[in-house]
Each structure stands twice: as C-alpha cells, then as structure tokens.
Amino acid sequence: MISLKKKTQIEEVSAASMSDIAFLLLVFFMVTAVFFVKEGLNVQLPRKQASPTKVERAHVFEIVLTGDKVTISNQAIGRKEYSSPKEFRNELNKMEIANMPIKLALIKTSHETKYGNMLDVLSSVQLRGFEKISVRKKK
Amino acid sequence: MIRRKRQAPNVPVSSMADIAFLLIVFFMVTSVLDTDPDIPILLPDVPGGEQLNKKIANIYLSADKNKTVYYNTMRMTLPEAISHVRAKMATTPDFKVLIHADKDLSYGEVDNAFEMLKEIGALKVSLITQTTQGGGLNNK
C-alpha cells in the first residue's frame, strides 16, 4: 500500500515585508518630528568696562517708555506721544527715517516698566532698521 | 554536455529589517529632548524674533510673587543661575544665553540679569518671544 501521508511542513512567516514596515516607520517619525525651535531677539550686551561713545544729541532718536506710554523726540521729527507700544510701532513704520545720518535709537525706561512693553519697543526699533540701539534705565 | 540552468542573482534582503530597526533604535536613544520647566511664563508676543539653534543656556524668569528663576530645568536663585552660566561658558565657545522672561515682569528684574551677565562676560543674549510656528512654552 502506498502511503499518502504528506510531509508536514513547518509554516514560515514571511519576513520580507518587515524591512518595508521598518523603513516606513523610520520615515514617518523623521517627517512628523517637530524640531523644538525657539525664537528670540538677539541682543549684544556692552562690555562692563566699555567707555561710552559720544554722539551728537541731534542725531539720536530718543524714545521714553513710561508704563504703556511712548514718547519720542528727535530733531527732525519733533516730539510725539503714543498711548501704547503697538501704536508706536504703526507710526514708526510710517516715519521717514532714511535721511537720518546715524540710525541710533536711545530707549529710556524705568525699573517698573513691563518687560513686554520694553521688548515690543525694542523689536519695532530693530525691525525699522536702527543699527545701534542703546537702552538706559532711569534711576 | 550538461548545461546548467542559469539562476537569476538575488540580493539578500532579510537583514534589511535589522538595519532599519537598528536605525530606529539608534535615533530614539541618541535624540535629546529639549524640555522647558513647567512654569507659567507668558512670553512677549512681538515680531522680529530669529530662530535659534545654537548651543545655549536657558534662564527662565517668571513673574509670580516668588520671582521664580530656573536655569534649564533646575530651580535656583539668579546668582546661582549666573554661576552655572559662567561654568558652561568655560567649556563652550560662541555661547548664547536665552532669557525667557514673562512679559508682565518689570524690566528692572531683567536688567538685573543683564548686569550679572555683563559681569561674567556673557554678552550674547537672546530675548525669547512667542514662536510663530508653535512649540516653546505653553501660554497661560
């Protein structure tokens, strides 16, 4: 009699697509990864022993920040007052500063001024193209 | 003459999965998570911020009643944080200090930190603002 018993084969799990899955996961995580990016205004602090540079008062674009109020004074523009840093930003963008001989701004503020307001003024002055910005704190 | 059947050459791909998983594990292990301490700091929302990716030290100045100060993820006093910055500066050239200060904090407090940084010669500072692309510190 011929035996018809089949040989039992060990069943294999196909591992060929495993690499596809692994690479897919790799690519997925690489693409969806959010880089932790921070944004900030870069400031170069003056050296401790740095001697103050003298400039003509007429060339300086003076900004006084008291609470929310911003006051500017400059020989060419005159004296103006704004009720908030936001208003100051809008008005500064409309101002003609191209003919200023030195783009130097002096921000005068006090200890009690909110840091947010201070940074708002600093950012608008930086964005407007002032090359040198000096910050002075009133005693 | 016996002619052998020519077999198509095949590249073994069975180890490909191992390589891929190895890469996944490698990147998972070596990636450093940059974390901020869990303190409510409302960063100023002003435009003009530049993206930062330098080797840096983070100082956090909160506006709560205790005026909490963090250096990276450790809570400490401002002079202690400054001394950590000084220690880090010795090993890292082209060093930048990131100041995360609350917008309701008085400018005097931040200026105090500036004066201390000037004292140790850490002159490159970045004042962190709210990001335009998400991420960063949570808002209140």
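First, a word on what this report is: a plain description of the structure on this page. (Residues numbered from 1 in each chain as written. Chains lettered and ligands numbered in written order. Predicted model: local features only at pLDDT ≥ 70, side-chain atom pairs only at ≥ 80, totals over all residues. Heavy atoms only, no water.)

1. What about the pairing of strand β2 (residues 60-66) of chain A?
Each regular strand displays side chains that alternate between the two surfaces of the sheet.
Residue and element names in this part refer to chain A.
Next, step 1: Of all 7 residues making up β2, 6 are buried, and the element is well covered by its neighbours.
Next, step 2: One ladder, built from 5 bridges, connects β2 with strand β3 (residues 69-74); its direction is antiparallel. Along β3, the bridge assignment pairs V64 with T71.
Next, step 3: Adjacent in sequence and paired antiparallel, β2 and β3 are bridged by 2 residues, among which G67 carries a positive phi angle near 60°. (Buried < 20%, exposed > 50% of the residue type's maximum accessible area, 1.4 Å probe, protein only. Helix = DSSP H or I, 4+ residues; strand = E, 2+ residues; numbered from the N terminus. Pairing = 2+ DSSP bridges.)

2. Some thoughts on the sheet that holds strand β5 (residues 96-101) of chain B
Next, step 1: With respect to topology, 7 strands assemble into an open sheet ordered β1(B)-β1(A)-β6(B)-β5(B)-β2(B)-β3(B)-β4(B), the strand pairing being mixed. Edge positions in the open sheet fall to β1 (50-52) and β4 (74-76) of chain B, since each of these has one partner strand only. Averaged over all adjacent pairs, the angle separating strand axes in this sheet is 40°, with direction ignored.
Next, step 2: The pairing of strand β2 (residues 56-61) of chain B with β5(B) spans 6 bridges and is classified as parallel. Its bridge partner being in β5(B), B:I56 is matched across the sheet by B:K96.
Next, step 3: In the packing of helix α3 (residues 115-128) of chain A onto the sheet, contacts are made with β1 (38-44) of chain A together with β5 and β6 (124-129) of chain B, and the angle to β1(A) comes to roughly 75°. (Axes fitted to C-alpha atoms, helices over the stretch in contact; angles between N-to-C directions. Contact = heavy atoms within 4.5 Å.)

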